[in-house]
Amino acid sequence: EVFSEITEYLESKQRAIQVIQLNGQNITPEDLTLTVGKMAVGEVESLKIETASLTDLVVEALDEIMEVIPELPIACHELAQILVGDSPSSCFGQFNQFLEIWDVLKERQSQVIDLLGIDAAAVRVGSVTISEHNSRLGGFTQQARGFMESSDFPALSDVLSHDLYAMAEVEETIIEALRTYV
């Protein structure tokens, strides 16, 4: 109950919990209920909650995303080149890392959208909404994973050099659109 009240209060002040320390140990928001639910009140020696402005968190997340975005089209091109070369299977690790980076980027973008209370289906970037773009991107990344798993390197190279490259070029526009809500 106490954390619900704290969260409610912070939301009214446009702030969010950034760090929770219970008895000197960092607790993730996901583990908070589980951890605190098992403790008796007498077991709590210290509780520290650090907060941050929602605006600051959003701006920080958008800046972090913008640092990575210019690398995406370059990575698409470089991976596609390796895939049409003599040793296409050598880029398996790089390809997985590329997809992980994109997953993190989209997760951060989703967090920003949630923090700003935006309907991604209503925000247009070019001829599509953010939701439509992300759905298409998800389809292309799944297709790319399938091509890598089946060692269909020419098809994977094609998806990287055309479809994912085009998707990567839209990411900066999405971030700029999100910045208008800050």
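Quick look at the structure, then. This structure is a prediction, so every number in the text was calculated from the model and none was measured.

For the rest of this paragraph, the subject is the nonpolar core. In terms of nonpolar packing, the biggest core is built from 40 residues, with Phe95, Phe98, Trp102, Ile130, Leu160, Leu164 and Leu178 touching the most fellow members. The set of elements that each furnish at least two residues to this core consists of helix H3 (54-68), helix H4 (71-83), helix H5 (92-116), helix H6 (130-149) and helix H7 (153-179). The element best represented in this core is H7, accounting for 11 residues. Ranked by size, the runner-up nonpolar core spans 5 residues in total, among them Phe3, Ile20, Leu22 and Ile27.

Scanning all chains against the criterion turns up 1 aromatic pair. Relative to Trp102, the ring of Phe98 has its centre 5.4 Å away and its plane inclined at 80°; by these criteria the two rings are edge-to-face. Here Trp102 and Phe98 lie together in helix H5, a separation of 4 residues that amounts to about one turn.

Time to look at the pattern of salt bridges. Applying the stated criterion across every chain yields a total of 6 salt bridges. Across the pair Asp63 and Arg179 runs a salt bridge, and its minimum N-O distance is 2.9 Å. One end of the pair, Asp63, is in helix H3; the other, Arg179, is in helix H7, with 116 residues separating them in the sequence. Arg108 is paired through a salt bridge with Glu64; the nearest N and O atoms lie 2.7 Å apart. With Arg108 in helix H5 and Glu64 in helix H3, this residue pair connects regions lying 44 residues apart in the sequence. Owing to a relative accessible area of 35%, Glu64 belongs among the partly exposed residues under this scheme. In this structure, a network of salt bridges that share partners links the residues Asp63, Glu176 and Arg179.

Turning to H6, a few remarks are in order. Taking 1.5 Å of rise per residue, the 20 residues of H6 would be expected to cover 28 Å, and the 28 Å separating its terminal C-alpha atoms lies within 8% of that figure. By the burial criterion, the buried members of H6 are Ile130, His133, Leu137, Phe140, Thr141, Ala144 and Met148. In an axial view of H6, the angular spread of the buried residues amounts to 100°, which keeps them on one side of the axis. Seen from the buried face of H6, the exposed residues on the opposite side, beyond 90 degrees, are Ser135, Gln142 and Glu149. In this fold, the buried residues of H6 make contact with H5, strand E4 (124-125), strand E5 (128-129) and H7. Two residues or fewer past H6, Ser151 is found with a positive phi of approximately 55°.

In spatial order, the strands read E2-E1-E3; together these 3 strands make up an open sheet with antiparallel pairing. Edge positions in the sheet fall to strand E2 (25-27) and strand E3 (47-53), since each of these pairs with one other strand and no more. Here the strands of the sheet are splayed against their neighbours by 30° on average, with no regard to which way each runs. Pairing between strand E1 (residues 15-22) and E3: 7 bridges, direction antiparallel. By the bridge assignment, Ala16 is partnered in E3 with Ala52. Docked against the sheet, helix H1 (residues 2-12) engages E1 and E3, running at close to 145° with respect to E1. On the sheet, H3 packs against E1 and E3 and is oriented at approximately 70° with respect to E3.

So, how was this worked out
- Residues numbered from 1 in each chain as written.
- Predicted model: local features only at pLDDT ≥ 70, side-chain atom pairs only at ≥ 80, totals over all residues.
- Heavy atoms only, no water.
- Core = buried A, V, L, I, M, F, W, Y, C linked by side-chain atoms within 4.5 Å.
- Buried < 20%, exposed > 50% of the residue type's maximum accessible area, 1.4 Å probe, protein only.
- Helix = DSSP H or I, 4+ residues; strand = E, 2+ residues; numbered from the N terminus.
- Phe/Tyr/Trp six-rings, centres within 6.5 Å; stacked < 30°, edge-to-face > 60°.
- Salt bridge = Lys/Arg side-chain N within 4 Å of Asp/Glu carboxyl O.
- Expected span 1.5 Å × (residues − 1).
- Arc of directions from axis to C-beta.
- Contact = heavy atoms within 4.5 Å.
- Pairing = 2+ DSSP bridges.
- Axes fitted to C-alpha atoms, helices over the stretch in contact; angles between N-to-C directions.

This is a description of form; function is not addressed.
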